[in-house]
Amino acid sequence: MTSALLVSFAMTLAMAATPILLASLGELVAEKAGVLNLGVEGMMLIGAVTGFAAATLTGSAYLGCLAAILGGLAASLVFAGLTLGLSSNQVATGLALTIFGVGASSLIGAPFVGKTVARIGPLFPAALAEHPLLRVVFGYDLLVYGALALAAAVGWFLKHTRPGLILRAVGESDTSAHSIGYSVLAVRTAAVAFGGGMAGLAGAYFSLELTPMWADRLTAGRGWIALALVVFASWRPGRLVAGAYLFGAVMTLELHAKAAGFGLLPPEILAMLPYLATIAVLTLISVRPGRVSAAAPACLGKSFSPA
Amino acid sequence: MASIITRRTLLAGAAGAAALPLAGPGASAQAPLGIGFIYVGPTGDYGWTHAHDVGRKAIEAEFGPKVKTSFVENVAEGPDAERVLRQLASGGNKLIFATSFGFMNPTVRVARALPNTWFEHATGYQRAANVATYNARFYEGRAVCGTIAGHMSKTGTAGYIASFPIPEVVMGISAFTLAARKINPNFKTKVLWVSTWYDPAKEADAAKALIDQGCDILTQHTDSPAPLQAAEQRGLFGFGQASDMKTYAPKAQLTSIVDDWAPYYIRRTKMALDGTWKSTDTWDGLKEGAVRMAPYGDAVPENVRREADLVKDQIIAGTLHPLTGPIKDQKGELRVKDGETMSDEALSKMDWYPEGVQS
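Residues numbered from 1 in each chain as written. Chains lettered and ligands numbered in written order. Predicted model: local features only at pLDDT ≥ 70, side-chain atom pairs only at ≥ 80, totals over all residues. Heavy atoms only, no water.

Peer 1: What am I meant to see in the overall build of chain B here?
Peer 2: Within chain B one finds eleven helices and 15 strands. The C-alpha radius of gyration computed for chain B amounts to 21 Å, which stays within 12% of the reference 21 Å derived for 359 residues, consistent with globular compactness. Once the C-alpha set of chain B is aligned to its principal axes, its extents read approximately 65 × 40 × 35 Å. For chain B, buried positions account for 59% of its 359 residues. For chain B, the share of sequence-separated contacts (at least 6 apart) that also reach a separation of at least 24 residues comes to 66%. (Helix = DSSP H or I, 4+ residues; strand = E, 2+ residues; numbered from the N terminus. Rg over C-alpha atoms; globule rule 2.2 N^0.38 Å. Buried < 20%, exposed > 50% of the residue type's maximum accessible area, 1.4 Å probe, protein only. Contact = heavy atoms within 4.5 Å.)

Peer 1: How do you make sense of the interface of chain A and chain B when you look at a structure like this?
Peer 2: One widely used convention gives an interface's size as the accessible area the parts lose upon coming together. Listed as interface residues are 32 residues of chain A and, on the opposing side, 37 residues of chain B. Across the chain A to chain B interface the summed buried area is about 2900 Å²; carbon plus sulfur atoms make up 60%. It is Ile-99, Arg-217 and Leu-255 of chain A that lose the most area in chain A upon contact with chain B, and together they represent 20% of the buried surface on that side. The interface formed by chain A and chain B includes two salt bridges. Two residues, Asp-199 of chain B and Arg-222 of chain A, come together in a salt bridge whose shortest N-O distance is 3.2 Å. Here chain A is connected to chain B by nine residue pairs in polar contact (both at pLDDT 80 or more). For the side of chain A that touches chain B, the elements supplying multiple residues, two or more each, are helix H1 (3–32), helix H4 (90–109), helix H9 (184–210), helix H10 (222–232) and helix H11 (237–259) of chain A. A total of five residues in the side of chain A that touches chain B trace back to one element, the largest contributor, which is H11 of chain A. Across the side of chain A that touches chain B, the residue classes tally to 19 nonpolar, six polar and seven charged. (Buried area = accessible area lost by both parts, 1.4 Å probe. Salt bridge = Lys/Arg side-chain N within 4 Å of Asp/Glu carboxyl O. Polar contact = N/O pair within 3.5 Å; in protein donor to acceptor, adjacent residues only side chain to side chain. Nonpolar A, V, L, I, M, F, W, Y, C, P; charged D, E, K, R; others polar.)

Peer 1: When you look at the packing of aromatic side chains in this model, what are you seeing that I'm missing?
Peer 2: Two numbers describe a pair of aromatic rings. These are the distance of the centres and the angle of the planes. Residues and elements named next belong to chain B. Enumeration over the complete set of coordinates arrives at 26 aromatic pairs over all chains. Summarising the aromatic geometry, the rings of Tyr-139 and Trp-283 are spaced 6.0 Å apart at their centres and angled 65° between planes, so their arrangement reads as edge-to-face. Pair noted here: Tyr-139 is in helix H5 (residues 138–152) and Trp-283 is in strand E11 (residues 281–284), with a separation of 144 residues, a long-range link. The exposure classification of Tyr-139 matches that of Trp-283, with both residues buried. Measuring from ring centre to ring centre gives 6.3 Å for Trp-261 and Tyr-265, while their planes differ by 20°; the resulting arrangement is stacked. A single burial state applies to Trp-261 and to Tyr-265, both of which are buried. Within the aromatic cluster, the residues linked to one another by ring pairs are Phe-37, Tyr-39, Trp-48, Phe-71, Phe-97, Tyr-134, Phe-138, Trp-261, Tyr-264 and Tyr-265. (Phe/Tyr/Trp six-rings, centres within 6.5 Å; stacked < 30°, edge-to-face > 60°.)

Peer 1: I would appreciate a short explanation of the nonpolar core in the present structure.
Peer 2: Taken as a class, soluble globular proteins show a tendency for nonpolar side chains to be buried jointly. Formed by 105 residues in total, the largest nonpolar core has its most connected members in Val-40 and Leu-208 of chain A. Here this core takes 13 residues from H9 of chain A, the largest share from any one element. Contact partners of Val-40 of chain A, with chain neighbours within four places excluded, come to Ala-23, Glu-27, Thr-98, Ala-199, Gly-223, Ala-226 and Leu-227 of chain A. Counting 89 residues, the second largest nonpolar core, distinct from the first, contains Ile-38, Trp-48, Tyr-139 and Tyr-160 of chain B. (Core = buried A, V, L, I, M, F, W, Y, C linked by side-chain atoms within 4.5 Å.)

Peer 1: What exactly am I supposed to notice about the confidence of the model for chain A here?
Peer 2: Reading predicted coordinates in detail is not appropriate for stretches of low pLDDT. Of the residues in chain A, 96% reach a pLDDT of 70 or more, and the chain-wide mean stands at 90. Ranking the elements of chain A by mean pLDDT puts helix H12 (residues 267–287) of chain A last with 75 and H9 of chain A first with 97. (pLDDT = per-residue confidence, 0-100.)

Peer 1: What should I look at first to understand the domain arrangement of chain B in this one?
Peer 2: Residue and element names in this part refer to chain B. On domain assignment, one finds that chain B holds domain 1 (4–15 + 27–136) and domain 2 (138–259 + 292–358). The C-alpha-based centres of domain 1 and domain 2 are spaced at 30 Å. Between domain 1 and domain 2, the buried area comes to about 1100 Å², and carbon and sulfur atoms account for 61% of it. When residues of domain 1 are sorted by the area they lose upon contact with domain 2, Tyr-46, Trp-48 and Ala-136 head the list and together hold 46% of the total. Our enumeration of links across domain 1 and domain 2 arrives at zero salt bridges. Contributions of two or more residues to the side of domain 1 that touches domain 2 are made by helix H2 (48–63) and strand E5 (131–136). Looking at the side of domain 1 that touches domain 2, the element that brings in the most residues is H2, giving three residues. Partitioning the side of domain 1 that touches domain 2 into residue classes produces five nonpolar, four polar and two charged. (Domains from an automatic or database assignment.)

Peer 1: I keep staring at helix H2 (residues 40–58) of chain A and nothing clicks. Help me out?
Peer 2: Think of an α-helix as 3.6 residues a turn; residues three or four steps apart then line up on the same face. Residues and elements named next belong to chain A. Spanning 19 residues, H2 covers 26 Å between terminal C-alpha atoms, matching the ideal 27 Å at 1.5 Å per step. The element H2 is largely enclosed, with a buried count of 16 among its 19 residues. After H2 finishes, the residue Gly-59 shows a positive phi value of roughly 80°. (Expected span 1.5 Å × (residues − 1).)

Peer 1: Mind showing me how you'd approach a nonpolar patch on the surface here?
Peer 2: A cluster of nonpolar side chains, namely Leu-265, Ile-269, Met-272, Leu-276 and Ile-279 of chain A, defines an oily patch on the protein surface of about 420 Å² accessible area. For Leu-265 of chain A, the position within the fold is in the loop between H11 and H12. (Patch = residues over 30% accessible without salt bridge, like charges linked within 9 Å, V, L, I, M, F, W, Y side chains within 5 Å. Areas by Shrake-Rupley, 256 points an atom, 1.4 Å probe, with all protein chains shown as cover.)

Peer 1: Mind showing me how you'd approach the pairing of strand E9 (residues 237–242) of chain B here?
Peer 2: On a regular strand, each side chain points to the face opposite its neighbour's, so the side chains alternate between the two faces of the sheet. Residue and element names in this part refer to chain B. Counting buried residues along E9, five of its six residues qualify, which places the element largely inside the surrounding structure. As paired strands, strand E8 (residues 217–221) and E9 are joined by two bridges and run parallel to one another. Of the residues in E9, the one forming a bridge with Leu-218 is Gly-238. Handedness of the crossover joining E8 and E9 through helix H8 (residues 226–233) is recorded here as right-handed. Strand direction decides the pairing type here: E9 and strand E10 (residues 253–259), joined by five bridges, are parallel. In the strand pairing of E10, Gln-241 is matched with Ile-257. (Pairing = 2+ DSSP bridges. Right-handed = clockwise from strand over helix to strand, strands pointing away.)

Peer 1: Is there a simple way to think about H11 of chain A in this case?
Peer 2: Taking 1.5 Å of rise per residue, the 23 residues of H11 of chain A would be expected to cover 33 Å, and the 33 Å separating its terminal C-alpha atoms lies within 8% of that figure. Looking one or two places after H11 of chain A, you find Gly-261 of chain A, whose phi comes out positive at around 100°.

Peer 1: Which parts of the structure should I look at to understand the sheet that holds strand E12 (residues 291–293) of chain B?
Peer 2: The pairing of strands in a sheet comes from backbone hydrogen bonds and takes either a parallel or an antiparallel form. Residue and element names in this part refer to chain B. Reading across the sheet, the seven strands line up as E12-E10-E9-E8-E6-E7-E15 and stay open at both edges, with mixed pairing between neighbours. Both edges of this open sheet fall to E12 and strand E15 (357–358), since each of them pairs with a single strand only. Here three bridges tie E10 to E12, and the two strands are oriented antiparallel to one another. Opposite Asp-259, over in E12, you have Val-291 as the bridge partner. The sheet strands contacting H5 are strand E6 (157–162), E8, E9, E10 and E12, and the helix crosses E10 at an angle near 175°. (Axes fitted to C-alpha atoms, helices over the stretch in contact; angles between N-to-C directions.)

Peer 1: Help me out: how do you make sense of the packing of helix H6 (residues 142–160) of chain A against H9 of chain A in this one?
Peer 2: When two helices pack together, their arrangement is given by the angle between the helix axes and by the axis-to-axis distance. Residue and element names in this part refer to chain A. The N-to-C vectors of H6 and H9 enclose an angle of 160°; their axes lie 12 Å apart at closest approach. Taken together, the axes of H6 and H9 are roughly antiparallel relative to one another. The handedness of the crossing between H6 and H9 is left-handed. Of H9, the residues touching H6 (which contributes Leu-143, Val-144, Leu-150 and Val-154) are Phe-194, Met-198, Leu-201 and Tyr-205. Grouping the constituent residues of the contact of H6 with H9 by class yields eight nonpolar, no polar and no charged. (Parallel < 35°, antiparallel > 145°, perpendicular 65-115°, else oblique. Left-handed = near helix turned anticlockwise from the far one by under 90°.)

Have a look at this one:
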């Protein structure tokens, strides 16, 4: 590989990893609070379409991103109302949210099919990114950097702040947190809302940067990869970043290697890799139940009704 | 999963229809003919499924109250399709169009169980008394694209984003490459298999990977405009697929192969209404209007337009077949002798590539 190829490969990789990282960060926070929201794909699609619609109507990609966050957040609040307010089954409700998201985004998006919009575009002036090596560092849009900064912020929040500790307590032992006076449902609602906003933003990364258009099922299953990634990272933000870039590298490497004429692995195997890796991690966790932090939050997926 | 909502809606609709008093045979002249469509992708894909849905709407526009069409989108190829086909048939549809290659076995199985329903299967090869097949000669359009690519590629290398190596895709790659090599004998086509019909982000990444490998012109046999957008972003050129995709890439699109199923769908619906429907095998092309070329992009110079038009006119006149010998395969072995053309049967089973294809 020449250096130009490496630069291009690295940039495609970072951009492929960004939406997965954004969505899985949000899901990680929700799961840390004990809520399993399988509706990531649906929330991403709703974010993608609201972001695109807003960007088309206002002409601003950043306003589009904001609208996408609100769209994903609104969808997640429906989920929160059902699972937290009415104690419905989280798995079933999450799946329903994905199905709903596919349909709703298609409905909202129908008038926008065939339209285009300006990309979010690079954050730094082009002059800074002229040299190929500098481009790898300075050549991206805001969301690539934003996703990494958010990962660091989430990691710090969960580990070093009091609200982060409360959030983890709610996810590990809802009854204990409740008995010392924390509102389990309020904390969980906030966590789910954060997850929704992040999934919405991740969706907007498709419709406003990667493929600036609206088409049905635009995200093509990336939400499921984001869900798998949270498990793969064993609920740790640092590993989440590594995992997102690793998954991004696998997806990008497949295409670049084939374009260059190397068949590494059959494409079906490569498509399976993120999920195979997740199963491997799950197996490792259950075989060697090491430190507590490596395992799932204890109350993940359980309903809680304050008595 | 994506189609569960639509399928449930359909089921509810079917139950509702069953509850209504059924019109007897005597009243059938007044009752609208039910026509069902089953799609592999979303109607909003702006590609393959979109084109079929345009054809469905053309039926409604042509026949008005005499027909009632319905469709189910996002149906996975395989056993799922069988259930949807049965539901469409039990929902009162007399004529059913199955619009993807992978619906072939389910269609044939359901047709065997329901001899009084007429089935039309796109791009397949299995027929029965109540199963017709139809396809369009997209490879004719690919030859026009190849001619333009041969003239306009500076690196002499095109990138071809392809879905699955089925004959339909193989013959398209071949027609494109052969036409380009008539202009530039050293022309190469790099094929990148993405193993999906529709995944915009992956198609865009594939386009970037091909551009990085020196391809300066892109074409695709996947359904989204994403590769064309990638070409636009890098200041390169490409060809649209299934629809005119100019809005997505106003500078990059040189032309597009536009699928037009409306003439066939209207013809077959008329036959069904007249009671003259028969199982046939139809393969229409540029001549019949099933395949059209979108207007040339501004970047196509006058002389190239003339050359492309000439190829198109010769194909329509029947004086040029895009797969005419001598054709050597990738190993250099002569597969089609000088002056011979590949028969439709050979085309529909094609599993080898001509020289110049890197796959």
